[in-house]
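Letter by letter, the chains look like this.
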Amino acid sequence: MIGQPDLDIALLRNFVAVAEAGGFTAAGEVLGASQSAVSVRLRKLEERIGRRLMERDARQVALTAAGQAFLEDARQVLRTHDTALRRAIGRGPRRSYEIGISDHAAGGLLPGLLAGLREALPEVTLQVQVGHSAGLFAEFAAGRFDAVVGRVDLPLPSDRLLIEDRLIWAVAAGAEPSGEGPLPLVTLDLPCALRGIALAALAAAGRDWRPVFTASGVAAVQAAVAAGLGLACLERRNL
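A. Seen up close, the pattern of salt bridges. This structure, assessed with the given rule, holds 8 salt bridges. In this structure, the salt-bridge partner of Glu55 is Arg52, at a minimum N-O distance of 3.3 Å. You can call Arg52 partly exposed: its relative accessible area is 45%. Where Glu72 meets Arg75, a salt bridge forms, and the shortest distance between an N and an O atom there is 3.8 Å. With Glu72 and Arg75 both in helix α4 (residues 65–88) and 3 residues apart, the pair spans about one turn of that helix. Assessed through its relative accessible area of 26%, Arg75 is described here as partly exposed. Each of Glu20, Glu72, Arg75 and Arg79 takes part in a single network of salt bridges with overlapping partners.

Quick look at the structure:
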């Protein structure tokens, strides 16, 4: 329509990255741009459409009502643009995406994570393998997976931090171990970094332990703890 400004794809991609990352610095890492460049691009988009899309302060950004309403439209434009570009240069839309997910890392967030992927990539067949973080990262380095969601102690600059959590000792009500004798321990099987962390903590505290249940997944550990078999080291969100 005459008189309306055109939307710049680069500015839209910048806006969506800031909204999803929650800040200029994190978005810059995704886009390969500086914090100031990301901020300038956002301001240009706001000037072009004549609406303020985000509120900024010294620590974070937040979508305005106009920004929230505009976000899904921006995502849809990018999906349409990227699909059209792939077809124009002779590449059909991608049909499969293989992801490795550690259930320790995803825990109760796994259903929402998968639902979000389905919404973002409706035409793609998802191939998901659940396993231990160390093994999944090794296979990712070898080129197997397109992406891995796993647990790390300290994220690398190339990683994207999705959530932070603290470790706790979990035990069923009424099944608390006494102060005498070895502690009944529920763990994941090897290799499991949290198992090593738990054993190191017990050793530092001078507490003996005995294995009572070893599982291949977090759901089985949760079930064993809920059944009163023993205690386990878990992330708080997996309680």
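Moving on, there is more to tell.
B. Focus on the layout of surface pockets. The calculated volume of the second largest pocket comes to roughly 160 Å³. Around the second largest pocket sit 15 residues that line it, and Ser133, Ala134, Arg151, Cys192 and Ala193 are the ones nearest its centre. Only α5 (103–106), α7 (133–141) and α8 (193–205) provide two or more residues apiece to the lining of the second largest pocket. Looking at the lining of the second largest pocket residue by residue, the class counts come to 7 nonpolar, 5 polar and 3 charged.

C. Geometry of the nonpolar core. In this structure, Phe15, Val18, Leu45, Met54 and Phe70 are the most contacted members of the largest nonpolar core, which totals 18 residues. Secondary structure elements with two or more residues in this core: α1 (9–21), α2 (24–31), α3 (35–49) and α4. If you tally residues by element for this core, the top one is α1, at 6 residues. Leave out the neighbours within four places in its chain, and Leu45 touches Leu7, Leu11, Leu12, Phe15, Leu53 and Phe70. Ala170, Cys192, Val221 and Ala232 belong to the second-largest nonpolar core, a separate cluster that totals 12 residues.

What counts, and where the lines are drawn
- Every chain's residues receive numbers from 1 upward, in the order its sequence appears when written.
- Only residues with pLDDT of at least 70 are given local features in this predicted model, and only at 80 or more are side-chain atom pairs given and counted; all residues enter the totals for whole chains, interfaces and linings.
- To get the side-chain values, take all heavy atoms of the structure and skip hydrogens and water.
- Salt bridges are counted wherever a side-chain nitrogen of Lys or Arg sits within 4 Å of a carboxyl oxygen of Asp or Glu.
- Burial classes follow relative accessibility: with a 1.4 Å probe on protein chains only, a residue under 20% of its type's maximum area counts as buried, one over 50% as exposed, and anything between as partly exposed.
- Comment: elements are numbered from the N terminus, with helices defined as DSSP H or I runs of at least four residues and strands as E runs of at least two.
- Residues are called lining when one of their atoms sits within 4 Å of a cavity or pocket point, these points coming from a 1 Å grid over the protein atoms alone, where a cavity is a set in which a 1.4 Å probe fits but cannot get out and a pocket is an open set with protein on both sides within 12 Å along at least five of seven lines.
- Grid points are joined across faces, edges and corners, and a volume is the space filled by probe spheres set on the points.
- Amino acid classes used here: Ala, Val, Leu, Ile, Met, Phe, Trp, Tyr, Cys and Pro are nonpolar; Asp, Glu, Lys and Arg are charged; the rest, including Gly, are polar.
- Among buried residues, the Ala, Val, Leu, Ile, Met, Phe, Trp, Tyr and Cys ones that are joined through side-chain atoms within 4.5 Å form a nonpolar core.
- Whether two residues touch is decided by their heavy atoms; if any such pair falls within 4.5 Å, the residues are in contact.

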